[in-house]
Amino acid sequence: MILSPSLLSANFGKLDEECQALEQAGVPWLHLDVIDGLFAPNITFGTPVIASLRKTSRLFFDVHLMIQNPSRYVEDFARAGADMLVVHAEAETHLQRCLARIRELGCLAGVALNPSTDCSFLRWIVHDVDMVLLMSVNPGFSGQKFLPVVEDKIREVRSLLDAHGGSTIPIQVDGGVCPENIGQLVRCGADVFVSGSAFFRFPPYDQRLAAFAAAADQGPLRAAAMTCSHWKPRQA
Ligand code: DX5
Ligand code: ZN
């Protein structure tokens, strides 16, 4: 499993130090929640904050764009230092074109689905995505309660991807994930886990990461897409 702590629950007064602490704790990814107050009810941060963190951090920047018409901004976020750009299917009319553009920009391309969004459309973009993000809360805020119906959705998306040539595409779950439910989510077929409140509220970070990893029971990892040709890991 890959843990991607959400910066939304970090101390905004010292984001740089938070990133360094995560890196030292052995956390692999950082989940950056960009919200525009239109697609979802909250306004968080944008490219200047990401570009500034990029100067000192080598974490994998997993940027979750909860913004309306994200194709308007993918160039800017790629330039700011995103490694992966995840766009919401509900927010983008020309989703395939947007995903292809993200890859052209040298980033991994992810697609996110709100809890109530049906997943059958994934069949038609299976060769355009590097990750599927399933929201397990309605987007906007950290600290919300996990919606259990998403467990069935993980199973359904996993079999849909496997049946259509996407068996290496990882599924990310975002919202209300904690050590108490991560084991079950791994068993359903999820690979990458976002955690905001359940991670940052319980320092030290290395021990919290270990608690998530132990509870996840090291399930199967479908991260092959992370080594694809259009994205290169950052050099030390
Ligand atoms: C919600 C965000 C999530 C959120 C997760 O809109 O996409 O990434 O920060 O926070 P927790 O883990 O507290 O639900
Ligand atoms: Zn998120």
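Remember, predicted model here, so these are calculated numbers, not experimental data.

1. What to know about the UniProt feature "binding site: a divalent metal cation" (unreviewed entry) in the protein
Here is step 1 of the chain: Mapped onto this numbering, the UniProt entry gives "binding site: a divalent metal cation" (unreviewed entry) at H31, D33, H64 and D174. The named residues occupy 144 residues along the chain; their greatest pairwise C-alpha distance, 10.5 Å, places them in one compact cluster. As for the annotated residues, the ones lining the largest pocket are D33 and D174.
Here is step 2 of the chain: In this structure, D33 sits in strand β2 (residues 29-35).
Here is step 3 of the chain: If sequence neighbours within four positions are ignored, D33 has contacts with S6, L8, T44, F45, H64, M66 and D174.
Here is step 4 of the chain: Structurally, the position occupied by H64 is in strand β3 (residues 60-66).
Here is step 5 of the chain: A relative accessible area of 0% places H64 in the buried class.

2. Looking at the coordination of the zinc ion (ligand 2)
Ideal geometry at a metal gives 109.5 degrees between four tetrahedral donors and either 90 or 180 degrees between six octahedral ones.
Here is step 1 of the chain: Protein coordination at the zinc ion (ligand 2): the donors are H31 (NE2), D33 (OD), H64 (ND1) and D174 (OD), at 2.0 to 2.3 Å from the metal.
Here is step 2 of the chain: The class for H31 is buried, based on a relative accessible area of 0%.
Here is step 3 of the chain: By relative accessible area, D33 is classed as buried at 5%.

3. Let's talk about the pattern of salt bridges
Here is step 1 of the chain: Throughout the structure, instances matching the rule amount to eight salt bridges.
Here is step 2 of the chain: When the shortest N-O distance is used, the salt bridge between D152 and R155 registers 2.7 Å. With a gap of three residues between them, D152 and R155 both fall in helix α5 (residues 150-163), about one helical turn apart.
Here is step 3 of the chain: Given the relative accessible area of 49%, D152 is considered partly exposed.
Here is step 4 of the chain: Overall, the relative accessible area of 38% leaves R155 in the partly exposed class.
Here is step 5 of the chain: One salt-bridge network, in which partners are shared between bridges, spans E75, R101 and E104.

4. Here we look at the nonpolar core
Here is step 1 of the chain: The biggest cluster of nonpolar side chains holds 68 residues, and the ones touching the most others in it are V63, V132 and F193.
Here is step 2 of the chain: The residues touching V132, leaving out its near neighbours within four places in the chain, are V111, L113, L122, V157, L161, I169, P170, I171 and Q172.
Here is step 3 of the chain: Judged by nonpolar contacts, the second largest core, of twelve residues, contains W29, M131, L133 and V192.

5. Remarks on the state of the cysteines
Put plainly, a disulfide is one covalent bond tying together the sulfur atoms of two cysteines.
Here is step 1 of the chain: Within the structure shown, the criterion is met by zero disulfides.
Here is step 2 of the chain: C188 supplies the cysteine sulfur nearest to C119, a cysteine that is in no disulfide, at a spacing of 13 Å.

6. Observations concerning the layout of surface pockets
Here is step 1 of the chain: Within this model, the largest pocket holds a volume of roughly 250 Å³.
Here is step 2 of the chain: For the largest pocket, the lining is made up of 23 residues, of which F141, S142, G143, D174 and G175 are closest to its centre.
Here is step 3 of the chain: Of all the secondary-structure elements, those providing two or more residues to the lining of the largest pocket are β2, β8 (192-195) and α7 (197-200).
Here is step 4 of the chain: Grouping the amino acids of the lining of the largest pocket by side-chain chemistry returns ten nonpolar, eleven polar and two charged.

7. Overview of the sheet that holds strand β4 (residues 84-88)
Here is step 1 of the chain: As summarised here, the arrangement of the eight strands in space is β1-β8-β7-β6-β5-β4-β3-β2, forming an open sheet in which the pairing is parallel. Edge positions in the open sheet fall to β1 (2-5) and β2, since each of these has one partner strand only. Averaged over all neighbouring strand pairs, the angle between strand axes comes to 25 degrees, with direction disregarded.
Here is step 2 of the chain: Strand direction decides the pairing type here: strand β7 (residues 171-174) and β8, joined by three bridges, are parallel. Looking at β8, one finds that V173 is bridged to F193.

8. Considering the UniProt feature "active site" (unreviewed entry) in the protein
Here is step 1 of the chain: Listed under "active site" (unreviewed entry) in the UniProt record, and renumbered for this structure, are D33 and D174. Across 142 residues in sequence, these annotated residues keep their C-alpha atoms within 10.5 Å of one another, forming a single compact spot.
Here is step 2 of the chain: In terms of polar contacts, D33 uses its side chain to reach the side chain of S6, at 2.7 Å.
Here is step 3 of the chain: Within the element layout of this structure, D174 appears in strand β7.
Here is step 4 of the chain: Not counting residues within four places of it along the chain, the set of residues in contact with D174 comprises H31, D33, H64, L133, L134, M135, S136, V137 and V194.
Here is step 5 of the chain: A polar side-chain atom of D174 sits 3.1 Å from a polar atom in the side chain of H64.

Reading the values: rules and limits
- Residues numbered from 1 in each chain as written.
- Chains lettered and ligands numbered in written order.
- Predicted model: local features only at pLDDT ≥ 70, side-chain atom pairs only at ≥ 80, totals over all residues.
- Heavy atoms only, no water.
- UniProt positions renumbered as here; feature names shortened; annotations may be inferred.
- 1 Å grid on protein atoms, 1.4 Å probe; cavity = no way out; pocket = protein on both sides within 12 Å on 5 of 7 lines; lining within 4 Å.
- Helix = DSSP H or I, 4+ residues; strand = E, 2+ residues; numbered from the N terminus.
- Contact = heavy atoms within 4.5 Å.
- Buried < 20%, exposed > 50% of the residue type's maximum accessible area, 1.4 Å probe, protein only.
- Donors = N, O, S within 2.8 Å, 3.2 Å for Na, K, Ca; no water.
- Salt bridge = Lys/Arg side-chain N within 4 Å of Asp/Glu carboxyl O.
- Core = buried A, V, L, I, M, F, W, Y, C linked by side-chain atoms within 4.5 Å.
- Disulfide = S-S within 2.5 Å.
- Points joined across faces, edges and corners; volume = space filled by probe spheres on them.
- Nonpolar A, V, L, I, M, F, W, Y, C, P; charged D, E, K, R; others polar.
- Pairing = 2+ DSSP bridges.
- Axes fitted to C-alpha atoms, helices over the stretch in contact; angles between N-to-C directions.
- Polar contact = N/O pair within 3.5 Å; in protein donor to acceptor, adjacent residues only side chain to side chain.

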